[in-house]
Amino acid sequence: MLRRFWRWLKKFFQGLFGKKPAPTTVTEPPRVEPQFTDADYERFFFQLLAEVNEESWSQGQVNGFLDRNNIKVADLVIWLRGFGERLLASPAENEELARRLMRLRGFGELGDVGYELGVRLLERRGFNREDVKHAKEGEEKNHNINSEFNINWAESWLNLGNEQFKVADFIAAMASYDRAIEAKSDNHEAWYNRGLALGNLGKYEEAIASYDKAVKIKPDLHEAWHNRGNALGNLGKDEEAIASFDQALEIKADDYEAWFNRGVALDNLGKYEEAILSFDKVLEINPDDHEAWFNQGVALFYLGKHEEAIASFDKVLEINPDDHEAWFNRGVALKNLEKHEEAIASYDQAVKINSDYYEAWDNRGVALGNLGKY
């Protein structure tokens, strides 16, 4: 019996972020004070501002946040002064940001600088300073989602979510993407990345809902269509998965991973001829894709085309000679052609690479029996 090893979706939810480097053991170096860029300070500050405004953080919680991130208050104050000057020079209104900044009052020097900046921003809008000082907190709750503040706010949460995703903290990343979406509901990147995080948590139905939001906002986002197909495949909805892959390929015809995953879905449905055509597309674009050669070989085997299947497994082994599964499946195809000596030679290669490969030992024994070598 042919062992069907679909090495399925190797880059399953990798669309945006790339590969994570493997961990290594190193001797801990001497402590070096981190050097933050303006973008780093902006991200930290907006996160801090959100917690103070929405979670009512205390001074102790603020200090804890700064300590955890190795941020010196003096350095953050210097950055905030420069950031404030850029805000004051901007024609944008920033009224909501101003009110949030004012809620920093009472948090030491950082709070004083933030409060003063908030007052100045509101004064520029024509508010009287005394009226501003006595304004009730929370008086304005509605956000203008088109304001510069909310765009910056959304971008900061999106960037934070991406950093959390890169270290596989998918729950935290999803929460950050939710905050980005609260600030800017038509943020297709946040919806897409939220889908990736949910997929990595195994929440495929919710991931699909996020991808649906992303493609509703940006219909030509082929990565969302592709990963939507992956999620549907994981739910066993292969017909729907193929429709999603088709959408991705309509936008980006040379997405060989989408062609590959489409082929796997077709194979799951027993549509081997169509699956082979998809794997052929992969190999037109990327001739060294040994996974595509392997899956093509399996599909050919199930169509009874054993000679062609062997040729595909041979291509796998040209690229990756240590693929014990390819050696094994090559042996099964040879057995079906009653080439038992050659089949045994293939099984020998498989168990040479993986000595615990019991299917190969078992099939080797059957082949020897067929030759009368009891």
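What you see is a predicted model, and the numbers here were worked out from it, not measured in a lab.

1. Examining the overall build of the protein chain
Thought 1: On a plain count of helices and strands, the protein chain comes out with 19 helices and zero strands.
Thought 2: Scored against the burial criterion, the 374 residues of the protein chain give a buried share of 48%.
Thought 3: Pairs at least 24 apart in sequence give 60% of the contacts found in the protein chain among residues at least 6 apart.

2. Notes on the packing of aromatic side chains
Thought 1: One pass over the structure, following the stated rule, counts 15 aromatic pairs.
Thought 2: With a centroid separation of 5.2 Å and 75° between ring planes, the pair formed by F36 and F44 is classed as edge-to-face.
Thought 3: Residues W79 and F83 carry aromatic rings whose centres are separated by 4.8 Å and whose planes lie at 15° to one another, so their mutual orientation is stacked. Of this pair, W79 and F83 both sit in helix α3 (residues 73-89), four residues apart, which is roughly one turn of the helix. For the pair W79 and F83, one class covers both residues: buried.
Thought 4: Clustering of aromatic rings is evident, with ring pairs tying together F36, Y41, F44 and F65.
Thought 5: The ring of F44 has R43 lying over it, and the distance from NZ or CZ to the ring centre is 4.9 Å.

3. A word on unusual backbone geometry
Thought 1: At N70, a residue that is not glycine, the phi angle is positive and equals roughly 55°.
Thought 2: In this structure, N70 sits in the loop between α2 (59-68) and α3.
Thought 3: In this structure, A168 takes a positive phi of about 65° despite not being glycine.
Thought 4: With respect to the element layout, A168 can be found in the loop between α7 (148-166) and α8 (170-183).
Thought 5: Taking relative accessible area as the criterion, A168 reaches 34% and is therefore assigned partly exposed.

4. Section: the side chain of S244
Thought 1: Along the chain, S244 turns up in helix α12 (residues 238-251).
Thought 2: Here the side chain of S244 touches R228 through a polar contact of 2.7 Å, side chain to side chain.
Thought 3: Excluding anything up to four places from it in sequence, S244 contacts W225, R228, G229 and L232.

5. What to know about helix α15 (residues 290-302)
Thought 1: The end-to-end C-alpha distance of α15, which contains 13 residues, comes to 19 Å, matching closely the 18 Å that a straight helix rising 1.5 Å per residue would cover.
Thought 2: Among all positions in α15, only H290, E291, A292, W293, F294, N295, Q296, G297, V298, A299, L300 and F301 are buried.
Thought 3: In this structure, the buried residues of α15 make contact with α13 (256-268), α14 (272-285), α16 (306-319) and α17 (324-336).
Thought 4: Its side-chain oxygen at 3.1 Å from the backbone nitrogen of E291, D289 defines the N-terminal cap of α15.
Thought 5: Of the residues flanking the end of α15, it is G304, one or two places downstream, whose phi is positive at about 80°.

6. Regarding the pattern of salt bridges
Thought 1: The tally for this structure, following the rule as stated, stands at 18 salt bridges.
Thought 2: A salt bridge links R81 to E109; the shortest N-O distance between them is 3.6 Å. Of the two residues, R81 is situated in helix α3 and E109 in helix α5 (residues 108-124); the sequence distance between them amounts to 28 residues.
Thought 3: For R81, a relative accessible area of 46% gives the class partly exposed.

7. Some remarks on the packing of α15 against α17
The description of two helices packed together rests on the angle between their axes and the distance between the axes.
Thought 1: Close contact between α15 and α17 brings their axes to 11 Å; oriented N to C, the two are set at 20°. The pairing of α15 with α17 is recorded here as roughly parallel in orientation. Considering the relative orientation of α15 and α17, their crossing is left-handed. Contacts from F294, V298 and F301 in α15 reach E325, A326, N329, V332, A333 and N336 in α17.
Thought 2: Taken together, the residues of the contact of α15 with α17 sort by class into six nonpolar, two polar and one charged.

8. Regarding the environment of S210
Thought 1: For S210, the location among the structural elements is in helix α10 (residues 204-217).
Thought 2: In this structure, S210 is in contact with W191, R194, G195 and L198, ignoring residues within four places of it in sequence.

9. Focus on the confidence of the model for the protein chain
Thought 1: For the protein chain, the average pLDDT comes to 82, and 82% of its residues sit at 70 or higher.
Thought 2: Below pLDDT 50 for its whole length, residues 1-32 participates in 68 contacts with residues either more than four positions away or in separate chains.
Thought 3: In this model residues 134-146 is a low-confidence stretch, pLDDT under 50, and it forms 17 contacts with partners more than four residues away in sequence or in other chains.

10. Details of the side chain of S312
Thought 1: Summarising the element assignment, S312 is placed in helix α16.
Thought 2: Of the residues examined, S312 reaches a relative accessible area of 2% and is grouped as buried.
Thought 3: Not counting residues within four places of it along the chain, the set of residues in contact with S312 comprises W293, Q296, G297 and L300.

11. Observations regarding the nonpolar core
Thought 1: Counting 60 residues, the largest nonpolar core has F45, L48, L49, L76, L80 and L101 as the members making the most contacts within it.
Thought 2: Counting residues per element, this core draws most heavily on helix α1 (residues 38-54), at eight residues.
Thought 3: Judged by nonpolar contacts, the second largest core, of 40 residues, contains I242, F313, V316 and A326.

Conventions adopted
Residues numbered from 1 in each chain as written. Predicted model: local features only at pLDDT ≥ 70, side-chain atom pairs only at ≥ 80, totals over all residues. Heavy atoms only, no water. Helix = DSSP H or I, 4+ residues; strand = E, 2+ residues; numbered from the N terminus. Buried < 20%, exposed > 50% of the residue type's maximum accessible area, 1.4 Å probe, protein only. Contact = heavy atoms within 4.5 Å. Phe/Tyr/Trp six-rings, centres within 6.5 Å; stacked < 30°, edge-to-face > 60°. Lys NZ or Arg CZ within 6 Å of the ring centre and 35° of its normal. Polar contact = N/O pair within 3.5 Å; in protein donor to acceptor, adjacent residues only side chain to side chain. Expected span 1.5 Å × (residues − 1). Salt bridge = Lys/Arg side-chain N within 4 Å of Asp/Glu carboxyl O. Axes fitted to C-alpha atoms, helices over the stretch in contact; angles between N-to-C directions. Parallel < 35°, antiparallel > 145°, perpendicular 65-115°, else oblique. Left-handed = near helix turned anticlockwise from the far one by under 90°. Nonpolar A, V, L, I, M, F, W, Y, C, P; charged D, E, K, R; others polar. pLDDT = per-residue confidence, 0-100. Core = buried A, V, L, I, M, F, W, Y, C linked by side-chain atoms within 4.5 Å.

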